[in-house]
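Architecture and fold: a report
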Amino acid sequence: MSWLRLFGSFFFIGCGWCAGDVVCLKVQAHLDALRQTIALLQEIEQEIAFRRADLNILAKKLCREKKLVCAASAIQTALPPPDFSKQEATCFTECFSGLGQAEAGQECTRLAFYQEQFRFFLHQQEEASQSQCQLARKLGTALGLAVAILLF
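A quick note: this is a predicted structure, and the numbers were derived from the prediction, not measured.

Broken down by element type, the chain carries four helices and two strands. Listing every helix and strand of the chain by position from the N terminus yields α-α-β-β-α-α. In terms of overall size, the chain is more extended than a compact globule, its C-alpha atoms giving a radius of gyration of 22 Å where 152 residues would be expected to give roughly 15 Å. Taken along the three principal axes of its C-alpha coordinates, the chain extends 75 × 30 × 20 Å. Burial statistics for the chain: of 152 residues in total, 34% are counted as buried. Put simply, of all contacts in the chain between residues at least 6 apart along the chain, 62% involve residues at least 24 apart. Carbon and sulfur atoms form 61% of the exposed surface of the chain, whose accessible area is close to 9,600 Å². Computed over 15 positive and 15 negative side-chain charges, the inter-centroid distance for the chain is 7 Å.

And the structure:
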């Protein structure tokens, strides 16, 4: 076997592993988005509970800090992170669209409820992510190996 064939074989195997690693990075980005959303909801809850902050001013502040993306300057128009599943995005939209329609205590209760929802989503994804990452890397490596065998 020539050095070129050997190098090509290792190249395809490495590319397959990298393709599997890309899947793992997407899974990790999804987990990070869930964690950031939980932290964001906690921050909003604290702002409402202790400072009685105006939601529009709070939305502008969070947008400046790049913690929140709003379609307009109102917090009710907050857009879910692109990494979210359809169910998570729906929950995010429901949470933010309902803000500002009740008293501070009720808003804090609502935010605590949605924090638990996102913790549940995070727990589900953490359980699935470990096996998914291992499987993605193994399948990527196997695919790279298969390509290397077929071509060389």
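Relative to the elements of secondary structure, Thr37 occurs in helix H1 (residues 3-51). Residue Thr37 is classed as buried on the basis of its relative accessible area of 4%. With sequence-adjacent residues up to four places away left out, Thr37 is seen in contact with Pro81, Phe84, Phe92 and Phe118.

Within the fold, Pro80 resides in the loop between strand S2 (78-79) and helix H3 (86-97). Assessed through its relative accessible area of 24%, Pro80 is described here as partly exposed. Distance from Pro80 to Lys138, taken between C-alpha atoms, is 32 Å for residues 58 residues apart in sequence. Once residues within four sequence positions are removed from consideration, Pro80 is found in contact with Ala89, Phe92 and Thr93.

Okay, the side chain of Gln115 next. Of note, Gln115 is situated in helix H4 (residues 104-151). Once residues lying within four places of it in the same chain are set aside, the contact partners of Gln115 are Ile38, Leu41, Gln42 and Glu45.

Relative orientation of the contacting elements H3 and H4 amounts to 170°, with a least axis distance of 11 Å. Between H3 and H4, the interaxial angle falls into the category roughly antiparallel. Here the hand of the crossing between H3 and H4 comes out left-handed. Each of Gln87, Glu88, Cys91, Phe92, Glu94 and Cys95 in H3 lies in contact with H4, whose residues at this interface are Arg110, Leu111, Tyr114, Gln117, Phe118, Phe121 and Gln125.

Further remarks concern a nonpolar patch on the surface. A contiguous nonpolar patch, built from Trp3, Leu6 and Phe10 and spanning about 400 Å² of accessible area, is present on the exposed surface. Here Phe10 shows up in helix H1.

What counts as what
- Residues numbered from 1 in each chain as written.
- Predicted model: local features only at pLDDT ≥ 70, side-chain atom pairs only at ≥ 80, totals over all residues.
- Heavy atoms only, no water.
- Helix = DSSP H or I, 4+ residues; strand = E, 2+ residues; numbered from the N terminus.
- Rg over C-alpha atoms; globule rule 2.2 N^0.38 Å.
- Buried < 20%, exposed > 50% of the residue type's maximum accessible area, 1.4 Å probe, protein only.
- Contact = heavy atoms within 4.5 Å.
- Areas by Shrake-Rupley, 256 points an atom, 1.4 Å probe, with all protein chains shown as cover.
- Lys, Arg positive; Asp, Glu negative; His and termini not counted.
- Charge placed at Lys NZ, Arg CZ, Asp CG, Glu CD.
- Axes fitted to C-alpha atoms, helices over the stretch in contact; angles between N-to-C directions.
- Parallel < 35°, antiparallel > 145°, perpendicular 65-115°, else oblique.
- Left-handed = near helix turned anticlockwise from the far one by under 90°.
- Patch = residues over 30% accessible without salt bridge, like charges linked within 9 Å, V, L, I, M, F, W, Y side chains within 5 Å.
- Salt bridge = Lys/Arg side-chain N within 4 Å of Asp/Glu carboxyl O.

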